[in-house]
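Commentary on secondary and tertiary structure
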Amino acid sequence: MSLVDIADLTIRFVEKAALSGLSLSIDAGDRFGIIGESGSGKSLTALAIAGLLPDNAEVSGSISFDGAPLPADEKVMARLRGQKIGMVFQEPMTALNPLMRVGDQIAEAIALAHAAKQSTVGSLLSEVGLEGRHAERFPHQLSGGQRQRVMIAMALASAPDLMIADEPTSALDVITQRIVLDLIRDICERRQMTLIFISHDMRAVAALCDKVAVMRAGTLIEVGPVATVLADPQHAYTQKLVAATRMVPRQGEPHIAGKALLSVERVTRAFAQGGFWRARRQALLAVDDVSLTISSGECLALVGPSGCGKTTMARMIVGLDMASSGVMQLEDTRYRGTDLPSSRRADISLVFQDPFGSFDPRLTVAQSLGEPLRLVPGVTPMDRQLRIAEAIESVGLDRAMLVRYPHEFSGGQRQRLAIARALVTRPKLVVLDEPVSALDVSVRGDVLDLLARLQSQFGLTYLIISHDLDMVAAMADRVLVMEAGRIVEEGAPAALFAAPQHRLTKALIAARLPNIGA
Amino acid sequence: MNAQLFRAHPGLAIGLALTVIFALLALLSVVWTPFPIAEISVARRFATPGPDHWLGTDQLGRDMLSLIMFGTRTSFTVGAIAVLIGAGVGVPLGLAAAIYGGQVEWLVLRFSDLAFAFPAVVIAILIAALMGPGAGNAIIAIGIFNIPVFAQVARGGAIALSTLDFIAAARLAGLSKPGIAMRHLLPNITSLIIVQGTIQLSLGILAEAGLSYIGLGTQPPETSLGLMLRDAQSLFLIHPWLSVAPGLAIVLIVIALNIAGDGLRDALDPRLRRPGLANVAG
């Protein structure tokens, strides 16, 4: 019989329907994936099952859990949540109390569970692959993956019938993501627990779940076993999503690399670590004695797990941060970071990871796009208009959009605008910091195509910072692998991924989720 | 959009409406009061509220409604100019602290500690001792008290913003630090400053009443709500109305401004608009 039955569920906020007419049934023991892009209503569905909808939501339809409708009384519902449902959230740093030791937080979850068979903190920690000593730590003393394990341990405290995991891995890097996904699968199998796994990543769902529902704009598009839905999608939207997930390694000749455009010579960036006994602490080397060269016209990728120093490297190259030692050379200008002369700043631009934070909400798009033009001497107001319009049209948007404000655009459109801003000064080198990782899967392909087109059109040189190997394989001519501030391996993507030498490269490749339908 | 805003925040509507009523009364007193406030007439003193004198008359036969209108005007003027002084000096200081950091920030923070350590009354006594009492000196005293408040609000807002990518983008675009503060930081913290301004206005009105009451603020023949209280205190047992009326006016104005400030905060502050995001980050 089914554990969760949703019949004709509609959720409205003020005037807008966020979820309309959703009917789903989830059997006990299923590992059920819900896929959708941001705004598709997938998280809302999970909140509705857990009875955690915001107060201003108008709900119609019914949800029954284990054969009985969800209790309307908040106290009864809270007890049901505590005993039968465990939840794992996307961002473990904000889901944990920063002032409590994680062991105490797990103990609290156990105490609230009132389970017949009480688990202990130690057994839960070992079940999620942590050791007893981790119980004494505070959330900020754990890594992202360890925090997510603590969240899972808390969700397991009541030995729940159902675990709801809302994007549990999207804040983690590839290697940790794979480990956490495997952990969740093992636990579900061992405990015969039902799982609702919410994600925008088809491949994570394919790796973990046996049934999947595809949602879009508050409606259910398609539902069925993972193998059938992904191998033979019926609906056009699902087909598009599956196609977008499959990244094809780049075909054809590598870009013709010209003479060296930027060279980085033995650059080190040390951060002084705070603390009372300042003298005793060793400085943290975010970038440790790195040398690299980018030739004009090529597309170089810098990959590595989070915290390996790749973003710090990028910030020094574009002139937002200062190298502690070493020097960089852009053509014939030598600089160490923030001292990059403003006459050369127009030659390097940066595309940020998060398209939502990279635009001033109070400026129109035209004002934001025109901002870097102050670096270019002798631009008349007429020129300015022309170049802004040219930039926005080159990324496939309409020049009539220039008078709008950033909040009126979708994530994919904003990333296009960010690229337009990076191009407006006609730079030679464009540094792309995780250019698509904050975007929905279905628009990632479009943005990457756009980047490839712009590169050949304007003869740009790219430095891509990423942890996504498939994206790198689709874009780059040459890959540098970085670990703990050092470059550990280098090569062409095809050769490097076929025969990785370094331990980290091997781990990154092993953590790649299998391509679906391949 | 605006009607919707008021429906979502009824406090804002009530507070703003009450504030506007008092402000209009005060404004009206510039051109017209029912009776001239300096007109003393012993014959009609201690009149009870009636059709001639809506709020009665005081011990010198002056019309209470006229006095309250005039007093409200003094209160609003003093409070508003003090807010302008506080914001005009404090916001640039706070922004400078946020963008330059280091020694500039240390100086601004120590200055605000120093200013916080002396309440407005102490500063006012100091100024009155040096330059004599008067409304102008009350404005300066309250204004100085406002400076660190605005400096802290501006600094806090600017620091929260300065980690965002669009600030980095502006640095890449070659904008100077003051340029970033003017173009990107200031417009994005305006709502914070407006909310703080409303609350400081109510505190300023309260402080002005207090200073006038102890004789350091407005001097006769001008009047203010605090001065009216002072004049009426010796008669409180015989004619309580003379104290109650200006006291009630102060209470209503301060409550109205506080409700309006809270409402504005709910309506404007982006950190509260999306609950659960910034609250965790502190």
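Residues numbered from 1 in each chain as written. Chains lettered and ligands numbered in written order. Predicted model: local features only at pLDDT ≥ 70, side-chain atom pairs only at ≥ 80, totals over all residues.

Glancing now at the overall build of chain A. Helix and strand counts for chain A stand at 19 helices and 20 strands. Taken against the 2.2 N^0.38 rule, which gives 24 Å for 518 residues, the C-alpha radius of gyration of chain A at 25 Å falls within 12% of a compact globule. When the backbone C-alpha atoms are referred to their principal axes, chain A occupies close to 75 × 60 × 45 Å. Of the contacts made within chain A by residues no fewer than 6 positions apart, 70% connect residues no fewer than 24 positions apart. (Helix = DSSP H or I, 4+ residues; strand = E, 2+ residues; numbered from the N terminus. Rg over C-alpha atoms; globule rule 2.2 N^0.38 Å. Contact = placed C-beta atoms within 7 Å.)

With that settled, consider the domain arrangement of chain A. You'll often see interface size given as the accessible area lost when the parts meet. All names here are of chain A. Partitioning chain A into structural domains gives domain 1 (2-245), domain 2 (250-347 + 429-435 + 457-512) and domain 3 (354-426). With centres defined by C-alpha atoms, the gap from domain 1 to domain 2 works out at 36 Å. Counting residues at the interface gives 4 residues for domain 1 and 6 residues for domain 2. Class assignment of the residues belonging to the side of domain 1 that touches domain 2 gives a composition of 2 nonpolar, no polar and 2 charged. (Domains from an automatic or database assignment. Nonpolar A, V, L, I, M, F, W, Y, C, P; charged D, E, K, R; others polar.)

Turning to the packing of helix α3 (residues 64-100) of chain B against helix α10 (residues 241-268) of chain B, a few remarks are in order. Residue and element names in this part refer to chain B. It is the contact of α3 with α10, at a shortest axis distance of 10 Å, that shows an interaxial angle of 40°. Pair α3 / α10 crosses with right-handed handedness. Taken together, the residues of α10 that come into contact with α3 (itself represented by M64, I68, G71, T72 and S75) are A245, P246, A249 and I253. Residue composition of the contact of α3 with α10, grouped by class: 6 nonpolar, 3 polar and no charged. (Axes fitted to C-alpha atoms, helices over the stretch in contact; angles between N-to-C directions. Left-handed = near helix turned anticlockwise from the far one by under 90°.)

What follows is about the environment of A:D383. By the secondary structure assignment, A:D383 is in helix α14 (residues 381-394). On a C-alpha basis, the gap between A:D383 and A:L448 in space is 29 Å, while along the polypeptide they are 65 residues apart.

Here we come to the nonpolar core. Counting residues in each nonpolar core, the largest one holds 148 residues, and the members touching the most others are A:I317, A:V431, A:L463 and A:I464. The greatest single-element share of this core, amounting to 19 residues, is contributed by α3(B). Three or more residues apiece are contributed to this core by two domains, here domain 2 (250-347 + 429-435 + 457-512) and domain 3 (354-426) of chain A. Other than its neighbours up to four places away in sequence, A:I464 contacts A:C299, A:A301, A:L432, A:V472, A:M475 and A:A476. (Core = buried A, V, L, I, M, F, W, Y, C linked by C-beta atoms within 7 Å. Buried ≥ 20, exposed ≤ 12 C-beta atoms within 10 Å, placed from the backbone.)

Counting residues at the interface gives 19 residues for chain A and 14 residues for chain B. Elements with a contribution of two residues or more to the side of chain A that touches chain B: α12 (342-345) and β16 (348-351) of chain A. When the residues that make up the side of chain A that touches chain B are grouped by side-chain class, the tally is 7 nonpolar, 6 polar and 6 charged.

What follows is about the sheet that holds strand β11 (residues 260-271) of chain A. Strands pair in a sheet through their backbones, by hydrogen bonds, and they do so in one of two ways: parallel or antiparallel. All names here are of chain A. Here we have 4 strands laid out as an open sheet, ordered β12-β11-β14-β15, and antiparallel in their pairing. The open sheet has two free edges, formed respectively by β12 (284-295) and β15 (333-335), since each of these has just one partner strand. In this sheet, neighbouring strand axes are inclined to one another by 20° on average, regardless of whether the strands run parallel or antiparallel. As defined by bridge partners, strand β14 (residues 325-330) adjoins β15 across 3 bridges and the pair is classed as antiparallel. Among the inter-strand pairings, M328 is bridged to a residue of β15, identified as Y335. (Pairing = 2+ DSSP bridges.)

What follows covers the UniProt feature "transmembrane region" (unreviewed entry) in chain B. All names here are of chain B. Under the local residue numbering, the UniProt record ascribes the feature "transmembrane region" (unreviewed entry) to residues 12-32, 76-102, 114-147, 185-216 and 236-261. Regarding residues 185-216, the helix share stands at 91% and the strand share at 0%, and the terminal C-alpha atoms are separated by 38 Å. Along residues 236-261 the backbone is 81% helical and 0% strand, and the end-to-end C-alpha distance reaches 33 Å. (UniProt positions renumbered as here; feature names shortened; annotations may be inferred.)

Across a regular strand the side chains alternate sides, sitting on one face of the sheet and then on the other. All names here are of chain A. Of all 6 residues that make up strand β9 (residues 211-216), 6 are buried, and the element is covered over most of its length. Side-chain alternation along β9 places K211, A213 and M215 on one buried face and V212, V214 and R216 on a second face that is also buried. Strand direction decides the pairing type here: strand β3 (residues 31-35) and β9, joined by 4 bridges, are parallel. Looking at the pairing, F32 lines up with K211 of β9. Turn length for the β9-strand β10 (residues 219-225) hairpin, with the two strands adjacent in sequence and antiparallel, is 2 residues, and the turn residue A217 shows positive phi of about 50°.

Residues and elements named next belong to chain A. Strand order across the open sheet formed by 6 strands is β16-β17-β18-β13-β19-β20, with mixed pairing between neighbours. Two strands close off the open sheet at either side, each with one partner strand: β16 and β20 (486-491). Each adjacent strand pair in this sheet contributes to an overall mean axis angle of 20°, direction not counted. Pairing of strand β19 (residues 478-483) with β20, which is carried by 5 bridges, proceeds in the antiparallel orientation. Looking at β20, one finds that V479 is bridged to G491. With respect to the sheet, helix α15 (residues 411-423) is in contact with β16 and β17 (429-433), its orientation differing from that of β16 by roughly 170°.

This brings us to the confidence of the model for chain A. Chain-level pLDDT for chain A is 85 on average; 96% of the residues reach the 70-or-more range. Here helix α3 (residues 92-95) of chain A is the element of chain A with the lowest mean pLDDT, 78, and β17(A) is the one with the highest, 93. (pLDDT = per-residue confidence, 0-100.)

Residues and elements named next belong to chain A. By the burial criterion, the buried members of helix α10 (residues 236-245) are T238, L241, V242 and T245. For α10, the buried positions fall inside an angular range of 95° around the axis, keeping them on one side. Those residues of α10 hidden inside the fold are in contact with α8 (202-208), β9, β10, α9 (226-231) and α16 (441-458). (Arc of directions from axis to C-beta.)

Attention now goes to the packing of helix α6 (residues 144-156) of chain A against helix α7 (residues 174-191) of chain A. All names here are of chain A. In contact at an axis separation of 10 Å, α6 and α7 are set at 15° when each is read in the N-to-C sense. The orientation of α6 with respect to α7, classified from their angle, is roughly parallel. Classified by chirality, the crossing of α7 by α6 is right-handed. In contact with G144, G145, Q148, R149, I152 and L156 of α6, α7 contributes T176, I179, V180, L183, I184 and I187. Across the contact of α6 with α7, the residue classes tally to 7 nonpolar, 4 polar and 1 charged. (Parallel < 35°, antiparallel > 145°, perpendicular 65-115°, else oblique.)

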